[in-house]
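Close look at the chain arrangement
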Amino acid sequence: MSAVPALPVVNRLIAALPQRDARRLLAVAEPVELEFGAVLYEAGARIRYAYFPTASFISEMIRLDPHSIVEVGLIGNEGMLGASLALDATESSLTALVQGAGPAWRLTSAALLREIERSAALRAGVQRYVAVRIGQLAQTAGCTRFHLVEQRLARWLLMTQDRAHKDAFRVTHEFLAYMLGVRRVGVTKAAHALQARHLIAYRRGAVTILDRAGMEAAACACYRADLATYARLLAA
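What you see is a predicted model; the values in this text were computed from it and never measured.

Scoring rules and cut-offs
- Residues numbered from 1 in each chain as written.
- Predicted model: local features only at pLDDT ≥ 70, side-chain atom pairs only at ≥ 80, totals over all residues.
- Heavy atoms only, no water.
- Pairing = 2+ DSSP bridges.
- Helix = DSSP H or I, 4+ residues; strand = E, 2+ residues; numbered from the N terminus.
- Axes fitted to C-alpha atoms, helices over the stretch in contact; angles between N-to-C directions.
- Contact = heavy atoms within 4.5 Å.
- Buried < 20%, exposed > 50% of the residue type's maximum accessible area, 1.4 Å probe, protein only.
- Core = buried A, V, L, I, M, F, W, Y, C linked by side-chain atoms within 4.5 Å.
- Salt bridge = Lys/Arg side-chain N within 4 Å of Asp/Glu carboxyl O.

**With respect to the sheet that holds strand S3 (residues 49–53)**
- Across the sheet, which stays open at both edges, the three strands sit in the order S1-S7-S3 with antiparallel pairing between neighbours. Strands with a single pairing partner mark the edges of an open sheet, and in this sheet they are strand S1 (30–34) and S3. Strand-to-strand twist in this sheet, taken as the mean axis angle between neighbours without regard to direction, amounts to 40 degrees.
- Where S3 and strand S7 (residues 102–108) come together, five bridges link them in antiparallel fashion. Across the sheet, residue Ala 50 finds its bridge partner in S7, namely Leu 107.
- Helix H3 (residues 109–118) contacts S3 and S7 of the sheet and is inclined by roughly 75 degrees relative to S7.

In structure tokens, the structure reads:
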């Protein structure tokens, strides 16, 4: 069994800033504890705050109709919620839900925009992050259309593990069905297949990754494409 890296204590977008810019940003931010299941943004509502997760993670979802919800993004300490503010988008087009409880930095939308104006490094970092997210939205759309549920489930669990920074995390079959845009019976079948191969253990709403390398082999190529995209972002 392979383990993920030790829990980080920073947000990587902030950590990439020059020290002076990072200190100034954190001076106008406040540390918050995000609670599991909390709704941070409602689709169509005004964006009041931006969030930089450190050891928490957030799902972005779109409601296609009254009965259909699909996840289109997952944000951990590699990114931020509220990056669209840099494009003068003051209303959220997506619903943002805390999927992994834990700490984050929060600042008002006005404070973020002031810091973006003052810091060329922050402005460039947020703009690169927006570009990466747009590319990943396209990747997820293709993944949902063409890849098998078992492959997509493996990809999503790996993405979650990367952001949870631990091998075990909280998730239910019902929520996975929402995330993957399939019926619950499809998620159950895919989860049983991964469990039968001793890649994961699932019990009482918690998943444990048992074999990281095996999960990477079981996931579709979209997972590796995600990693490559973020590697280019951080390198920039």
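Read on, since the account is not over.
**Some points on the environment of Asp 211**
- If you trace the backbone, Asp 211 turns up in the loop between strand S10 (206–209) and helix H8 (212–218).
- Judged by relative accessible area, which is 30%, Asp 211 ranks as partly exposed.
- As for Asp 211 and Glu 71, which are separated by 140 residues in sequence, their C-alpha atoms are 25 Å apart.
- Excluding its chain neighbours within four sequence positions, the residues that come into contact with Asp 211 are His 198 and Leu 199.

**Some remarks on the nonpolar core**
- By size, the foremost hydrophobic cluster in this structure holds 33 residues, and its most contacted members are Leu 40, Met 80 and Leu 112.
- Looking at this core element by element, the count peaks at five residues for helix H4 (residues 120–146).
- Apart from the residues lying within four places of it in its own chain, the contact partners of Leu 112 are Ala 50, Phe 52, Met 80, Gly 82, Leu 85, Leu 107 and Leu 122.
- Judged by nonpolar contacts, the second largest core, of 31 residues, contains Ile 69, Ala 154, Met 179 and Ile 200.

**A look at the pattern of salt bridges**
- Inspection of the entire model under this criterion finds 10 salt bridges.
- Notably, a salt bridge pairs Asp 21 with Arg 24, separated by 3.8 Å at the nearest N-O pair. One end of the pair, Asp 21, and the other, Arg 24, are both in helix H2 (residues 19–27), three residues apart, so they sit about a helical turn from each other.
- Given the relative accessible area of 12%, Asp 21 is considered buried.
- What makes Arg 24 buried here is its relative accessible area of 16%.
- A salt bridge links Arg 212 to Asp 162; the nearest nitrogen and oxygen atoms lie 2.9 Å apart.

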